[in-house]
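Residue-level structure breakdown
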Amino acid sequence: MTPVSRHLVLAAVTVLTMCQPRIAATPSTNLVAVLKNATAVDPHAVQVATGFERLDRVMENYDNRLYPTYDEHDGAPTFVNCSLHILSFSSISASSMDYTIDIYLRQEWRDERLRHYNERGELYINDQTFRDRLWKPDLFFTNLKKGHFQDITVPNFYLRIKPKTGDIIYSSRLSLTLSCSMQLYSYPMDIQNCSMDMESYTFTTEQLKFAWKSEKAIQLIDNLVMPQFNLDDTYSYDCTSNLSTGEFPCLRAVFILRRQFGYHLIQSYLPTVLIVFMSWVSFWLDVDAIPARVTLGVTTLLTMTTLAGGVRVSLPPVSYIKAIDVWMGTCTIFVFGALLEFTMTNYLSRKRPPQRAIKPGFCGLGAKMRHQDNDKLTTTQMIFTDGTDYAASALPVMTTEEQTQKMMDEKHKKKAKVLDDRCRIIFPLSFFIFNIIYWPSYLVFLVEDYTKPPQAS
């Protein structure tokens, strides 16, 4: 209350007090009490109450079905400036291709139907009934899956009205789950461009236009932490779309998300490298250690298959090849190759030439020769055609075929060992060459980049 108004109220109280006996008791007493109370209360509280009362009188003839510039003769649209304040990112999912975000959405426009005189200045309102009576832009999110207003402990919104101009600021807190069409060619070394599209559902650009408030209309909370991703950049631009029903105003905010590689390095890449190294242990085992080599080869192959299946569970069934698919497939080939190498060495070490039968009539005696092996001693028994039997059981005799077979066995085992020796070099060298090609390809040459549209800010 201004000093002049305060003096006028005090003068009125004095006059009424002096004239009280001449006036009816009840009305004068009540009026004096009211005026005295008016001077006793906080003057700012009186002004605020007066401001809201005046706003209520303005709202009596207010029609929230009409946008603010509906009655203007020049047909100018209503301009709405928007801005975002990012509070948190969470649940960025490649399997469902969406993300959850918590934001403050601020919209500003001018509605001259709310102009009135108010000494207080701006009015701050957090009343849902008044909000429902007010015209608001019919903004919706085109890529929304689900969302809700925050209402703990009170509905999280406010209206700020400037009575002199009719300018309105409408701020609300929203939790949104938005779809994001992710490209996973370089997964898990990928960069994703996830957008937030805001559009008018009813009004075309002839009645309503959206615009970003400033060049940096997207603001971030300090120390924003995101699981598995880093927010590299943000930009915004106008995405007004021309549909068959008209041209509708649209705004788009884009978030550049770079996936953190540390988690996948520990959970996927290092374990598979160790499994590949373990499969190579078979090359250093003896050729005749068949149970050990079989167990090692089958175990590493099954473990590799299990790890590859676990990676596929967390990803959508896309038809193209991802970076993790190339890695897992190559590691599986190396493990399976080690198992095949054991099969080859085992075959070479046990290879036998075809047996040749001994013809009757050996040495012109019409005799048959029979050999019996017993503790490395060969007993040669010759049975002649007349039934005479001759045996030299005490002499360790090795036939020519046995000597040849022994030489062949040693020769084949030597070939198997040579194969093992070569694989000790070929497999690690091949895996090293694969890594030289794989990592630069996805980290340098095939890295996904993003290009801002010319109108982006």
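These figures come from a predicted structure and were not determined experimentally.

**Brief notes about the overall build of the protein**
- Looking only at helices and strands, the protein has eight helices and 17 strands in total.
- In the protein, which comprises 457 residues, the proportion classed as buried is 39%.
- Put simply, 75% of the contacts in the protein that link residues at least 6 apart link residues at least 24 apart.
- In the form shown here, the protein has an accessible surface area of approximately 26,800 Å², with 59% of it arising from carbon and sulfur atoms.

**A closer look at the pattern of salt bridges**
- This model, assessed by the stated rule, comprises 15 salt bridges.
- The partner of Arg173 in a salt bridge is Asp102, and the shortest N-O contact between them spans 2.7 Å. Taken together, the residues span a long stretch of sequence, with Arg173 in strand β7 (residues 167–179) and Asp102 in strand β2 (residues 98–110) at a distance of 71 residues.
- Arg173 sits in the partly exposed class, given a relative accessible area of 25%.
- Several salt bridges converge on common partners, so that one network encompasses Glu122, Arg160 and Lys162.

**Some points on the packing of helix α6 (residues 290–313) against helix α7 (residues 323–349)**
- Contact geometry of α6 with α7 gives a least axis separation of 10 Å together with a crossing angle of 165 degrees. Judged on the interaxial angle alone, α7 and α6 are roughly antiparallel. Crossing hand, α6 versus α7: left-handed. Together, Ile290, Arg293, Val294, Gly297, Val298, Thr300, Leu301, Met304, Leu307, Ala308 and Val311 of α6 and Ile324, Met328, Cys331, Thr332, Val335, Phe336, Leu339, Glu341, Phe342, Thr345 and Asn346 of α7 make up the contact between the two elements.
- Partitioning the contact of α6 with α7 into residue classes produces 15 nonpolar, five polar and two charged.

**What to know about the state of the cysteines**
- Counted according to the given criterion, the structure contains two disulfides.
- A disulfide bridge connects Cys180 with Cys194, and the sulfur atoms are separated by 2.0 Å. The sign of the S-S torsion, about -80 degrees, decides the handedness of the disulfide formed by Cys180 and Cys194: left-handed. Of this pair, Cys180 sits in the loop between β7 and β8 (191–200) while Cys194 sits in strand β8, placing them 14 residues apart in sequence.
- For Cys180, a relative accessible area of 3% puts it in the buried group.
- Here Cys239 pairs with Cys250 through a disulfide, and the sulfurs are 2.0 Å apart.

**With respect to a nonpolar patch on the surface**
- There is a patch of nonpolar side chains on the surface, built from Ile425, Leu429, Phe432, Ile433, Ile436 and Ile437 and spanning about 610 Å² of accessible area.
- By relative accessible area, Ile425 is classed as exposed at 57%.

**Examining the UniProt feature "transmembrane region" (unreviewed entry) in the protein**
- In this structure's numbering, the residues bearing the UniProt feature "transmembrane region" (unreviewed entry) are residues 268–287, 294–315, 327–349 and 425–447.
- A distance of 32 Å separates the end C-alpha atoms of residues 268–287, which is 60% helix and 0% strand.
- For residues 327–349, helix accounts for 100% and strand for 0%, while the C-alpha atoms at its two ends are 33 Å apart.

**Quick notes on the nonpolar core**
- Ranked by size, the top nonpolar core spans 81 residues in total, and within it Tyr99, Ile101, Met196, Phe255 and Trp327 carry the most contacts.
- In terms of residue count, α7 provides more of this core than any other element does, nine residues in total.
- Ignoring any residue separated from it by four or fewer positions in sequence, one finds Trp327 in contact with Tyr269, Thr272, Val273, Phe431, Phe434, Asn435, Tyr438 and Trp439.
- Among the nonpolar cores identified, the runner-up in size contains seven residues, and Ile191, Tyr237, Cys239 and Cys250 belong to it.

**What to know about the packing of aromatic side chains**
- Using the criterion set out here, one finds 30 aromatic pairs in the structure.
- Pairing Tyr99 with Phe255 gives two aromatic rings, centres 6.3 Å apart and planes at 75 degrees, and the pair type is edge-to-face. Within this pair, whereas Tyr99 is found in strand β2, its partner Phe255 is found in strand β14 (residues 250–259), the two being separated by 156 residues in sequence.
- Using a relative accessible area of 0% as the deciding quantity, one classes Tyr99 as buried.
- Accessibility expressed as a relative area gives 0% for Phe255, which makes it buried.
- Over the ring of Phe149 we find Arg131, and its NZ or CZ is 5.8 Å from the ring centre.

**Considering the packing of helix α5 (residues 262–279) against α7**
- Contact pair α5 / α7: the axes reach a minimum separation of 9 Å and the direction vectors enclose 15 degrees. Judged by the inter-axis angle, α5 sits roughly parallel to α7. Handedness of the crossing formed by α5 with α7: left-handed. Across the interface between the two elements, Ser268, Tyr269, Thr272, Val273, Ile275, Val276 and Ser279 of α5 pack against Ala323, Ile324, Trp327, Met328, Cys331, Phe334, Val335 and Ala338 of α7.
- Per-class residue counts for the contact of α5 with α7 are twelve nonpolar, three polar and no charged.

**A word on the sheet that holds strand β4 (residues 139–141)**
- Spatially, the four strands line up as an open sheet ordered β4-β8-β14-β11, and their pairing is antiparallel. The sheet is open, and its two edges are formed by β4 and β11 (229–238), each paired on a single side. On average, each strand axis in the sheet is tilted by 20 degrees relative to the strand beside it, whichever way the strands run.
- Sheet topology places β8 next to β14; nine bridges connect them, and they run antiparallel. In the strand pairing of β14, Met198 is matched with Leu251.

The rules behind the values
- Residues numbered from 1 in each chain as written.
- Predicted model: local features only at pLDDT ≥ 70, side-chain atom pairs only at ≥ 80, totals over all residues.
- Heavy atoms only, no water.
- Helix = DSSP H or I, 4+ residues; strand = E, 2+ residues; numbered from the N terminus.
- Buried < 20%, exposed > 50% of the residue type's maximum accessible area, 1.4 Å probe, protein only.
- Contact = heavy atoms within 4.5 Å.
- Areas by Shrake-Rupley, 256 points an atom, 1.4 Å probe, with all protein chains shown as cover.
- Salt bridge = Lys/Arg side-chain N within 4 Å of Asp/Glu carboxyl O.
- Axes fitted to C-alpha atoms, helices over the stretch in contact; angles between N-to-C directions.
- Parallel < 35°, antiparallel > 145°, perpendicular 65-115°, else oblique.
- Left-handed = near helix turned anticlockwise from the far one by under 90°.
- Nonpolar A, V, L, I, M, F, W, Y, C, P; charged D, E, K, R; others polar.
- Disulfide = S-S within 2.5 Å.
- Patch = residues over 30% accessible without salt bridge, like charges linked within 9 Å, V, L, I, M, F, W, Y side chains within 5 Å.
- UniProt positions renumbered as here; feature names shortened; annotations may be inferred.
- Core = buried A, V, L, I, M, F, W, Y, C linked by side-chain atoms within 4.5 Å.
- Phe/Tyr/Trp six-rings, centres within 6.5 Å; stacked < 30°, edge-to-face > 60°.
- Lys NZ or Arg CZ within 6 Å of the ring centre and 35° of its normal.
- Pairing = 2+ DSSP bridges.

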